[in-house]
Amino acid sequence: MAQTRSHSHPHRARAIAALWKALAGRRLSRLWGLSRIIGPLVHRFSRRERQVTEINLREAYPEQDETERRQLARASLTHSAATMLELGFAWMGDPARVEASILAVHGRELLDGARAEGRGVIVLAPHFGNWEVLNFWLSSHFPFTAMYEPPKIAELDAVTRQGRERMGASLVPTNPRGVAALLKALKRCEAIGILPDQEPDWGSGIFAPFFGRLAYTATLLPKLVSRTEARVVTGVARRIPGRGFELHFLAADERVYATHEGESATGVNACVEAAIALDPAQYQWEYKRYRKVLEEQQGHPRHQEFRLY
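Presented here is an overview of the structure given in this document.

What counts and what doesn't
Residues numbered from 1 in each chain as written. Predicted model: local features only at pLDDT ≥ 70, side-chain atom pairs only at ≥ 80, totals over all residues. Heavy atoms only, no water. Helix = DSSP H or I, 4+ residues; strand = E, 2+ residues; numbered from the N terminus. Buried < 20%, exposed > 50% of the residue type's maximum accessible area, 1.4 Å probe, protein only. Contact = heavy atoms within 4.5 Å. Axes fitted to C-alpha atoms, helices over the stretch in contact; angles between N-to-C directions. Parallel < 35°, antiparallel > 145°, perpendicular 65-115°, else oblique. Left-handed = near helix turned anticlockwise from the far one by under 90°. Nonpolar A, V, L, I, M, F, W, Y, C, P; charged D, E, K, R; others polar. Polar contact = N/O pair within 3.5 Å; in protein donor to acceptor, adjacent residues only side chain to side chain. Pairing = 2+ DSSP bridges. Phe/Tyr/Trp six-rings, centres within 6.5 Å; stacked < 30°, edge-to-face > 60°. Lys NZ or Arg CZ within 6 Å of the ring centre and 35° of its normal. Salt bridge = Lys/Arg side-chain N within 4 Å of Asp/Glu carboxyl O.

Along the chain, Gly 39 turns up in helix α2 (residues 28-45). Taking relative accessible area as the criterion, Gly 39 reaches 0% and is therefore assigned buried. C-alpha of Gly 39 to C-alpha of Thr 266: the two residues are 227 residues apart in sequence and 32 Å apart in space. The residues contacting Gly 39, other than those within four sequence positions of it, are Leu 77, Thr 78 and Ala 81.

Take the packing of α2 against helix α4 (residues 66-85) next. Direction vectors running N to C along α2 and α4 enclose 130°, while the axes themselves pass 7 Å from each other. Considered as vectors, α2 and α4 are oriented oblique to each other. When the axes of α2 and α4 are compared, the crossing they make is right-handed. Facing α2, whose interface residues are Leu 31, Trp 32, Leu 34, Ser 35, Arg 36, Ile 38, Gly 39, Pro 40, Val 42 and His 43, α4 presents Arg 70, Ala 73, Arg 74, Leu 77, Thr 78, His 79, Ala 81, Ala 82 and Leu 85. Residues belonging to the contact of α2 with α4 are distributed by class as follows: 11 nonpolar, 5 polar and 3 charged.

Let us now look at helix α8 (residues 131-141). Most of α8 sits inside the fold, with 9 of its 11 residues counted as buried. Those residues of α8 that sit buried are Trp 131, Glu 132, Val 133, Leu 134, Asn 135, Phe 136, Trp 137, Leu 138 and Ser 139. The backbone nitrogen of Glu 132 has a side-chain oxygen 3.0 Å away, supplied by the residue at the start of α8, namely Asn 130.

Neither face of strand β5 (residues 191-194) is open: one carries Ala 191 and Gly 193, the other Ile 192 and Ile 194, and all of them are buried. Bridge count for strand β3 (residues 144-148) against β5 is 3 bridges, and the pairing is parallel. Within β5, the position partnered with Thr 145 by the bridge is Ile 192.

Strand order in the open sheet formed by 7 strands is β1-β9-β8-β2-β5-β3-β4, with mixed pairing between adjacent strands. Because the sheet does not close on itself, it has two edges, and the strands there are β1 (102-106) and β4 (170-173). With strand direction ignored, the average angle separating the axes of adjacent strands in the sheet is 25°. Of the strand pairs in this sheet, strand β2 (residues 121-124) and strand β8 (residues 231-240) are connected by 4 bridges, and their pairing is parallel. Across the sheet, the residue bridging to Val 121 is Arg 231, located in β8.

All right, on to the side chain of Glu 246 then. Inspection of the secondary structure assignment puts Glu 246 in strand β9 (residues 244-251). Given the relative accessible area of 18%, Glu 246 is considered buried. Polar contacts involving the side chain of Glu 246 include one to the side chain of His 106, which spans 3.0 Å. The contact partners of Glu 246, leaving out residues within four places of it in the chain, are Leu 103, Ala 104, His 106, Val 236, Ala 237, Arg 238 and Ile 240.

On to the packing of aromatic side chains. All told, the structure shown has 12 aromatic pairs when counted by the stated rule. An angle of 40° between the planes, with centres 5.5 Å apart, marks the rings of Trp 137 and Phe 249 as tilted. You can see Trp 137 sitting in helix α8 and its partner Phe 249 sitting in strand β9, a full 112 residues away along the chain. Owing to a relative accessible area of 2%, Trp 137 belongs among the buried residues under this scheme. Between Tyr 283 and Trp 285 the ring centres are 4.9 Å apart and the planes differ by 80°, which places this aromatic pair in the edge-to-face class. Each of the two residues, Tyr 283 as well as Trp 285, counts as buried. Above the ring of Tyr 290, the side-chain terminus of Arg 213 is found at 5.7 Å from the ring centroid. Sitting above the plane of the Trp 202 ring, Lys 292 keeps its charged end 5.4 Å from the centroid.

Time to look at the environment of Ser 29. Here Ser 29 is to be found in helix α2. For Ser 29 and Gln 162, which are 133 residues apart along the polypeptide, the C-alpha to C-alpha distance reads 25 Å.

Let us now look at the environment of Glu 49. Residue placement: Glu 49 occurs in helix α3 (residues 47-60). Note on Glu 49: relative accessible area 22%, which makes it partly exposed. The contacts of Glu 49, once residues within four sequence positions are left out, are Val 42, Leu 77 and Glu 286.

Let us look at the pattern of salt bridges. Scanning all chains against the criterion turns up 16 salt bridges. Note that Glu 86 is salt-bridged to Arg 239, the shortest N-O span being 2.9 Å. Of the two residues, Glu 86 is situated in the loop between α4 and α5 (87-92) and Arg 239 in strand β8; the sequence distance between them amounts to 153 residues. No difference in accessibility class separates Glu 86 from Arg 239, as the two residues are buried. Taking the shortest distance from any N to any O, the salt bridge between Arg 302 and Glu 305 comes out at 3.5 Å. On the basis of relative accessibility, which here comes to 48%, the residue Arg 302 falls in the partly exposed class.

If you want it as structure tokens, here you go:
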């Protein structure tokens, strides 16, 4: 599991928290309007975000021409901007407003059915749409536990934690103690959340295909499944721009239940691909998903030449 190193930036933290609080009461249509301004600006002026997004899109959709990928990159960065602007809404907004913004829930029977069978539920929640709204809904309707890493700005930890826990979610650290807490929650037939598309530290994953290219993928899932017989679903909050969100719970690729770590990791990545297919523009393509390469693990003397970024 990847670790986030926090740094102290008190003035920046106060400014960010104040902005989230100011935006918490804004209409979603207004936030989306701001995103449509910010997203293209990020694409134009942020070289890092633009390049990583377009590199990832080239790997995922080689059949698209350059113009199509550039348009999709701008759309993706617009949705990423919307997610950032909506954090105040998800974490600090009136709970009744947040609940009302969830226009539909597709596939809830997958969650209810698993719990009726006496099974826990593992929700794979990729960086798609607004995952904080997904957390809000899950923790409002089910006993829900999720792993948590402190933000890069240490002073935002209290704000982030309070926002994610306010509807009853239990946050646990990304270490063996946190894994033990997840196991206990599953054995109580509760729901837990896992980020399936975050690159883990060396030793905590395996290489598996993601859109045809090997990506270093966490191997936590098969350990949890084998010890609890939990059911696995993919969950996302798809943005309906300016109006709200629709939640989608999708049956997991059957390979996630395999005891072989490589096959299970392949199934996990297939689950993420299926979620992205709902609307590719809503995936956070600016994340360096292919940072680690197999040649580095194998000790290749020129492994850096195989990196994308």
